[in-house]
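# Architecture and fold: a report
If you want the building blocks of each chain, they are given just below.
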Amino acid sequence: MSSATDTAGFSSTTSSVLRIALIQSAVVFLVAAVWQQRWGTIVDTSWLITMAERVLSGERLYVDVIDSNPPFSIWLFLPAIIASRWAGIAPEIGIYLYTCLAVVVGLGLSAVIVRRAGFAENHALLRLLPLFVALFTIFPGNTFTERDHVGTVLFLPLLALMALRADTTRRVAPGIALIVGAGLCGSILVLVKAYYVVAYIVPALYVAWRRRNPWLLLAPENCIIGIVGVAYIALVFLLTPEFMRDLLPQVADVYMKIGDPVRVALSCGPSYLLILLLFRIVAPKAPVTPLCAVTLLASLAAVAPLLYQGKGWAYHAFAAISLALVAVLCRVAASSGWRYNRETLGRGILCVIVVMFAWLPFLQTEKPSDAFVAAVKAASKGEPTLGVIGSDIAAAHPLARIVGARFLSANNSDWYGALAYVLARKASAKGEVADAARYQKRSDAYLDTKYAEFASHNYDLIVIQQDEPLWTDYVLGQARFAALLSAYHPIARDERFTVYGRAAPADQSSIAR
């Protein structure tokens with residue numbers, strides 16, 4: 001009788017905790033919706049929406065509209081764009097809701113797998129659910145809706161399944177539905193960027209080692225990821241052969257040559273090392289459970305892609321940092337509980353400091369100011385066409401969509417021409433004549449195509465990236481581009497960009513600063 005009473009009491013307590021956790025999580029989602037107004041639709045997502053709309057209108061990917069990423073970047077968000085059209089809502093709203101759905105699926109499926117595993121820390125994990133939600137809705141900041149963000153949160157169910165398999169204290173069958181769900185969700189991060197495969201391989205090796213069974217490397221969910229990867233490569237060759245044939249060589253020869261892993265390590269290293277320190281001291285007596293181990297190993301492995309890319313943009317670090325924080329939360333859940341004393345207060349303060357320090361890169365915003373947007377709108381009529389001179393995608397996106405302009409260029413910016421020009425100068429400075437000539441030829445060929453595009457579209461608005469004088473001075477120093485720009489005058493300006501329009505010259509006071 002007492003056993004039945006205890007079980008009923010435990011179930012009642014769990015239901016109460018779950019209800020409170022769900023209410024708190026719903027509040028976090030509402031706060032996140034307001035908080036995201038700080039960034040609006042981020043730069044990459046705005047371009048992805050424009051690209052998807054143009055593809056859906058009949059333009060050819062990697063021919064009429066070009067992106068430096070493999071096609072899965074657009075395929076991932078196409079369902080949201082199509083659903084937005086069907087529902088009659090703005091695609092920006094559709095993408096936001098789609099990303100929230102990814103958070104719900106990632107955390108929800110992880111919770112189901114963890115519950116199935118019956119980990120000792122499950123009850124504490126349930127109480128921490130609102131913090132997990134905050135980590136993937138509020139903490140991302142300028143990374144929210146990035147492919148890395150969506151891929152990382154959907155990677156969590158696979159890590160939970162790995163932890164289940166690594167647990168040597170129990171043998172629980174996950175079930176075919178959970179295996180398929182975790183495998184498909186886990187494949188997203190690898191499809192987003194192939195080098196994230198290391199974040200999958202390292203914890204998979206840990207599972208095989210812990211169970212002393214190398215055959216676990218061929219677990220069904222791993223096979224699913226392998227099959228999905230092979231199918232994706234086949235589809236890329238079949239549906240977008242131009243990417244492999246034309247664009248990938250350009251990306252490898254130009255884009256991937258610009259990077260500074262040392263600078264990235266120095267800028268991202270301190271905050272990441274602090275999180276690792278936090279993992280060590282936040283609950284020093286707590287065991288490193290399989291759930292802690294697989295998540296931390298995935299985080300450590302995700303550092304490799306961050307350094308390999310060598311760009312240092314915040315979203316490149318999101319997988320490594322967010323998974324490390326997930327490991328910290330799992331370590332807290334595995335502890336015997338924090339007492340309300342001076343030691344607990346110190347640890348709590350340390351947690352806040354470390355999280356705030358790690359949060360700083362994600363707080364930066366590239367959203368155009370209201371005054372800047374108003375000045376552009378005031379000088380525009382109807383649906384103006386908009387061109388750009390500058391290598392930063394932020395020059396025209398999301399500005400074009402905010403002001404209702406049509407972006408007709410095949411490229412989102414001058415990244416290819418500008419980077420080739422930089423590489424030509426670097427090669428010339430080193431005395432590498434052949435490489436300098438090759439990169440200069442690539443840059444000049446790009447500018448020939450760009451000039452033809454400008455002459456053909458006769459843009460109503462032109463955005464110039466003024467904080468990149470090396471490239472803009474080179475472009476505008478050519479007589480043909482200088483002649484084109486002579487028909488324009490500045491209508492709006494901020495710290496980084498100046499917008500030129502064809503309207504009658506405005507008074508200096510009307511230029512937004």
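Report on the accompanying structure.

Scoring rules and cut-offs
Residues numbered from 1 in each chain as written. Predicted model: local features only at pLDDT ≥ 70, side-chain atom pairs only at ≥ 80, totals over all residues. Heavy atoms only, no water. Helix = DSSP H or I, 4+ residues; strand = E, 2+ residues; numbered from the N terminus. Buried < 20%, exposed > 50% of the residue type's maximum accessible area, 1.4 Å probe, protein only. Pairing = 2+ DSSP bridges. Phe/Tyr/Trp six-rings, centres within 6.5 Å; stacked < 30°, edge-to-face > 60°. Expected span 1.5 Å × (residues − 1). Contact = heavy atoms within 4.5 Å. Axes fitted to C-alpha atoms, helices over the stretch in contact; angles between N-to-C directions. Core = buried A, V, L, I, M, F, W, Y, C linked by side-chain atoms within 4.5 Å. Lys, Arg positive; Asp, Glu negative; His and termini not counted. Salt bridge = Lys/Arg side-chain N within 4 Å of Asp/Glu carboxyl O.

Going from His397 to Pro398, the amide bond is cis rather than trans, its omega being 15 degrees. Within the secondary structure, Pro398 sits in the loop between strand S1 (385-389) and helix H17 (399-402). The residue Tyr62 is not glycine, and still its phi comes out positive at about 70 degrees. By secondary structure assignment, the location of Tyr62 is in the loop between helix H2 (43-56) and helix H3 (72-87). Positive phi, close to 55 degrees, is recorded for Arg212, a residue that is not glycine.

The subject of this paragraph is the pairing of S1. Where burial is concerned, most of S1 is hidden: 5 out of the 5 residues are buried. Burial along S1 is two-sided: the residues Thr385, Gly387 and Ile389 and Leu386 and Val388 are all buried. Note: S1 against strand S2 (residues 406-407), 2 bridges, orientation parallel. From the neighbouring strand, Leu386 faces S2, where its bridge partner is Phe407.

Time to look at the packing of aromatic side chains. For the coordinates displayed, the defined rule picks out 25 aromatic pairs. Ring centres 6.3 Å apart and planes at 15 degrees place the aromatic pair Phe139 and Trp359 in the stacked group. Residue Phe139 is located in the loop between helix H6 (129-137) and helix H7 (147-166), and its partner Trp359 is located in helix H15 (residues 342-363); the two are separated by 220 residues in the primary sequence. Residue Phe139 is classed as buried on the basis of its relative accessible area, which comes to 5%. Taken together through their ring pairs, the aromatic side chains of Trp35, Trp39, Phe136, Phe139, Phe318, Trp359 and Phe362 make up a single cluster.

What follows is about helix H13 (residues 290-309). In a regular helix each residue adds 1.5 Å, so 20 residues correspond to 28 Å; H13 covers 29 Å between its end C-alpha atoms and thus fits that length. Across the 20 residues of H13, 14 count as buried, placing the element largely inside the fold. Residue Gly310 follows H13 closely and has a positive phi angle near 65 degrees.

Next up on the list: the side chain of Thr472. Looking at where Thr472 falls in the secondary structure, it is placed in helix H20 (residues 469-476). Those residues in contact with Thr472 that sit more than four places away from it in its chain are Ile389, Ile464, Gln465 and Gly477.

Following the sequence through the fold, Val463 ends up in strand S3 (residues 461-465). Sequence-wise, Val463 and Tyr96 are 367 residues apart; in three dimensions their C-alpha atoms are separated by 27 Å. When sequence neighbours within four positions are dropped, the list of residues in contact with Val463 reads Leu386, Gly387, Val388, Ile389, Ala395, Leu399, Phe497, Thr498 and Val499.

Here we come to the sheet that holds S1. Strand pairing in a sheet is mediated by backbone hydrogen bonds. Such pairs are either parallel or antiparallel. Taken in spatial order, the 5 strands make up an open sheet running S2-S1-S3-S5-S4, and their pairing is mixed. Where the open sheet ends on each side, the last strands, each with one partner, are S2 and strand S4 (489-493). Packing against the sheet, helix H19 (residues 433-457) makes contact with S1 and S3, and its axis sits at approximately 155 degrees to S1. Each of S1 and S3 touches H20; the most contacted strand, S1, lies at about 110 degrees to it.

The next subject is the nonpolar core. If you look at the biggest cluster of nonpolar residues, it comprises 166 residues, and the most contacted ones within it are Phe136, Phe139, Phe155, Ile321 and Val499. Looking at which element gives the most residues to this core, the answer is helix H14 (residues 314-334), with 17 residues. The contact partners of Ile321, leaving out residues within four places of it in the chain, are Phe139, Ser271, Tyr272, Ile275, Ala358 and Phe362.

Here we come to the side chain of Glu242. With respect to the secondary-structure elements, Glu242 resides in helix H11 (residues 241-253). Despite its burial, Glu242 remains without a salt bridge, the nearest opposite charge being carried by Arg245 at 4.6 Å. Residues within four places of Glu242 in sequence aside, it is in contact with Leu61, Tyr62, Val63 and Leu247.

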